[in-house]
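# Understanding the architecture of this molecule
Spelled out, the chains give:
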Amino acid sequence: MMGIETVLNILCWTPLAKPIRAIRLIKINRIARENYVRKKIDRLLNKIMTQHGDLLF
C-alpha cells in the first residue's frame, strides 16, 4: 500500500506539482518555526535555571 508521501511524490510529476510544492513549503516553514521557538524556550529555561536554580528546591 502506498503512503501519502509516495502519492505526493508521484503527483509532483503532474500539473499538480506547483500546489504540492506550496503545501510542502508551508509544512517545512511551520516545522522550522516550531524548532526555532523550541530552541528559544530551551535557552530561556536554561538561563532561568542557571540564575535561579537555588529557588527550585
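Conventions and cut-offs
- Residues numbered from 1 in each chain as written.
- Predicted model: local features only at pLDDT ≥ 70, side-chain atom pairs only at ≥ 80, totals over all residues.
- Heavy atoms only, no water.
- Helix = DSSP H or I, 4+ residues; strand = E, 2+ residues; numbered from the N terminus.
- Axes fitted to C-alpha atoms, helices over the stretch in contact; angles between N-to-C directions.
- Parallel < 35°, antiparallel > 145°, perpendicular 65-115°, else oblique.
- Contact = heavy atoms within 4.5 Å.
- Nonpolar A, V, L, I, M, F, W, Y, C, P; charged D, E, K, R; others polar.

## Points about the environment of Arg-43
Secondary-structure assignment places Arg-43 in helix α2 (residues 17–52). Spatially, the C-alpha atom of Arg-43 lies 41 Å from that of Leu-16, the residues being 27 residues apart in sequence.

## Thoughts on the environment of Asp-42
Considering the arrangement of structural elements, one finds Asp-42 in helix α2. Sequence spacing of Asp-42 and Asn-29 is 13 residues, and the spatial spacing of their C-alpha atoms is 20 Å.

## A few points about the packing of helix α1 (residues 4–11) against α2
At their nearest, the axes of α1 and α2 sit 9 Å apart, and the two run at 135° to each other. If you check the angle between α1 and α2, you find them oblique. Each of Glu-5, Leu-8, Asn-9 and Leu-11 in α1 lies in contact with α2, whose residues at this interface are Ala-17, Ile-20, Arg-24 and Lys-27. Considering only residue class, the contact of α1 with α2 consists of four nonpolar, one polar and three charged.

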